[in-house]
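Listed below are the residues making up each chain.
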Amino acid sequence: MKLSVIGCGYLGAVHAAAMASIGHEVVGIDVDQRKIDSLSRGEAPFFEPGLQEILTETIASGRLRFTTDPAAAKGSKVHFIGVGTPQQKDGHAADLTYVNTAVNSLIPHLAEGDIVAGKSTVPVGTAAGLAERIVPTGATLVWNPEFLREGYAVQDTIDPDRLVAGVPAGPEGERATETLREVYHPSVAKGTPFIVTDYATAELVKVSANAFLATKISFINAMAEIAEVTGADVTQLADAIGHDARIGRRFLGAGIGFGGGCLPKDIRAFSARAEELGRGESVAFLREIDEINLRRRDRAVQLVVDGLGGSVYERNVTVLGAAFKPHSDDIRDSPALDVAVRLHGLGAKVTVTDPAAIENARRVHPQLAYVEDRDEALRDADAVILVTEWDEYRRQLPPEHASTLTTGRVIVDGRNGLDPAAWRAAGWTYYGMGRP
Ligand code: UDX
């Protein structure tokens with residue numbers, strides 16, 4: 001099928017390449033010339049495992065191309081909208097500028113029977129408004145949210161755990177559903193749940209899924225706060241409650257909390273939208289979720305201060321990680337980088353290292369020192385803090401080896417990813433998050 005994908009960021013670029021890899025003929029469209037040039041050369045403009053391989057393969061096959069020309073969407077049967085919906089600069093609501101611009105640029109090129117499939121995360125009610133503008137062209141709008149995780153985006157797009165389609169009522173909606181089933185044919189053939197809803201439900205499925213995940217993380221981080229004043233161990237607690245299948249162990253990782261381009265801004269936008277709808281109290285708990293999350297960054301900073309005897313001023317602190325999570329170069333709302341910036345603000349001589357995110361981090365926080373090589377970054381550190389649990393820091397850094405590089409022996413484990421016994425046995429003072 002001929003498809004267009006408007007927006008070639010973390011979501012759109014992966015979607016375009018993944019759709020080409022399952023056999024479709026795809027054009028990716030973006031206003032950012034640099035991004036388009038890079039993608040056209042077959043180079044992934046950001047770090048995402050597996051993306052490079054499918055880009056190379058599908059561009060060579062001729063099924064995938066990229067352009068800045070919105071007219072290239074003409075002739076495609078389905079047009080995916082995969083642009084960003086960041087947090088507004090002066091508030092908590094979502095900024096829909098890019099969605100509106102994408103739809104405006106698409107409308108002149110739509111033909112009778114085309115389908116516009118919204119994938120961006122939007123406040124509930126957005127699709128109904130967009131449909132009013134799209135219907136006069138003879139095209140149909142569907143809302144088809146994306147649940148991909150960065151780091152696993154290719155796999156999540158090609159083989160999602162569910163598909164959701166918010167469609168209009170009647171034959172038009174049925175026809176659009178059939179077309180989407182054809183688009184996602186390998187998943188449909190495999191029996192992946194395909195849930196057909198109205199627009200509002202589809203929009204809400206996405207934000208409520210992210211709100212739930214954020215709540216789960218802040219729940220365990222709240223337990224970490226209690227563990228800290230009682231001497232309990234939150235990781236054992238998580239293991240124990242996680243064995244209850246109704247609870248489950250995943251997303252019970254206590255640490256410096258969630259960040260990234262989705263969870264933080266999505267829960268804030270959800271609260272803002274609920275307020276507009278007169279139901280602010282229904283999700284008032286999300287404000288608490290946000291606050292618990294941000295408090296964990298303070299805690300991590302405090303542990304470094306404590307570890308260094310009450311002040312980090314002029315002390316060498318090595319920060320292991322900058323990305324908001326491993327297997328990503330994304331630093332949007334990264335708790336890791338925030339901790340580094342705060343330590344720098346307290347006068348510490350901060351050295352940041354990360355296997356993928358240094359370039360992005362340096363652009364936003366040029367005041368920090370960055371060192372690519374992990375061991376080089378550890379040299380002469382008075383204290384070390386692990387904030388992004390890359391394997392390079394979690395599994396492949398024996399404490400005995402770290403001891404040969406650093407001056408001090410203070411390790412703060414911001415992700416509870418290390419073995420406290422091993423670090424202590426090697427002579428280190430170990431601080432975890434919610435662990436004695
Ligand atoms: C998230 C959703 O998982 C995904 O379904 C949605 O489409 C987009 O938002 P992503 O932002 O890529 O995906 O990252 P995710 O793996 O969910 O992690 C989010 C943050 O939570 C990271 O900062 C991670 O370090 C943190 N996290 C995750 C924890 O602090 N503890 C955990 O147990 C799990």
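Residues numbered from 1 in each chain as written. Predicted model: local features only at pLDDT ≥ 70, side-chain atom pairs only at ≥ 80, totals over all residues. Heavy atoms only, no water.

Peer 1: Help me out: how do you make sense of the overall build of the protein chain in this one?
Peer 2: Counting its secondary structure elements, the protein chain contains 18 helices and 14 strands. What you see for the protein chain is a C-alpha radius of gyration of 23 Å, in line with the 22 Å of a compact globule of 436 residues. For the protein chain, the C-alpha atoms occupy an extent of roughly 70 × 50 × 40 Å along the three principal directions. Scored against the burial criterion, the 436 residues of the protein chain give a buried share of 55%. For the protein chain, the share of sequence-separated contacts (at least 6 apart) that also reach a separation of at least 24 residues comes to 72%. When the accessible surface of the protein chain is totalled, it reaches about 18300 Å², and 54% of it is carbon and sulfur. (Helix = DSSP H or I, 4+ residues; strand = E, 2+ residues; numbered from the N terminus. Rg over C-alpha atoms; globule rule 2.2 N^0.38 Å. Buried < 20%, exposed > 50% of the residue type's maximum accessible area, 1.4 Å probe, protein only. Contact = heavy atoms within 4.5 Å. Areas by Shrake-Rupley, 256 points an atom, 1.4 Å probe, with all protein chains shown as cover.)

Peer 1: What should I look at first to understand the domain arrangement of the protein chain in this one?
Peer 2: Where the parts come together, the accessible area they lose is often given as the size of the interface. As assigned here, the protein chain comprises domain 1 (2-197) and domain 2 (220-436). Distance between the C-alpha centres of domain 1 and domain 2: 33 Å. Facing the 18 residues of domain 1 at the interface are 18 residues of domain 2. In total, domain 1 and domain 2 occlude about 1500 Å² of area from one another, counting both sides; carbon and sulfur atoms represent 52% of this. Taken as a group, Phe47, His92 and Glu150 account for 38% of the area that domain 1 buries against domain 2, more than any other trio of residues on that side. Linking domain 1 with domain 2 are one salt bridge, by the criterion used here. Its salt-bridge partner being arginine 332, residue glutamate 150 comes within 3.2 Å of it at the nearest N-O pair. (Domains from an automatic or database assignment. Buried area = accessible area lost by both parts, 1.4 Å probe. Salt bridge = Lys/Arg side-chain N within 4 Å of Asp/Glu carboxyl O.)

Peer 1: Sorry, what's going on with the site of the ligand here?
Peer 2: Every one of the 20 residues lining the ligand counts as a neighbour, but Phe147, Leu148, Glu150, Gly253 and Phe324 are closest to it. One of the backbone N or O atoms of glycine 253 is found 2.7 Å from an oxygen atom in the ligand. Side-chain polar atom of arginine 415 to an oxygen atom of the ligand: 3.3 Å apart, as the coordinates give it. Here the ligand has 670 Å² of accessible area as a free molecule, and 90% of this is covered by the chains. (Near = heavy atom within 4 Å. Polar contact = N/O pair within 3.5 Å; in protein donor to acceptor, adjacent residues only side chain to side chain.)

Peer 1: Got a minute to help me understand the environment of glycine 166 in this structure?
Peer 2: Relative to the elements of secondary structure, glycine 166 occurs in strand 7 (residues 163-166). Taking relative accessible area as the criterion, glycine 166 reaches 0% and is therefore assigned buried. Here glycine 166 is in contact with Leu141, Val142, Trp143, Thr197, Asp198, Tyr199 and Ala202, once residues within four sequence places are set aside.

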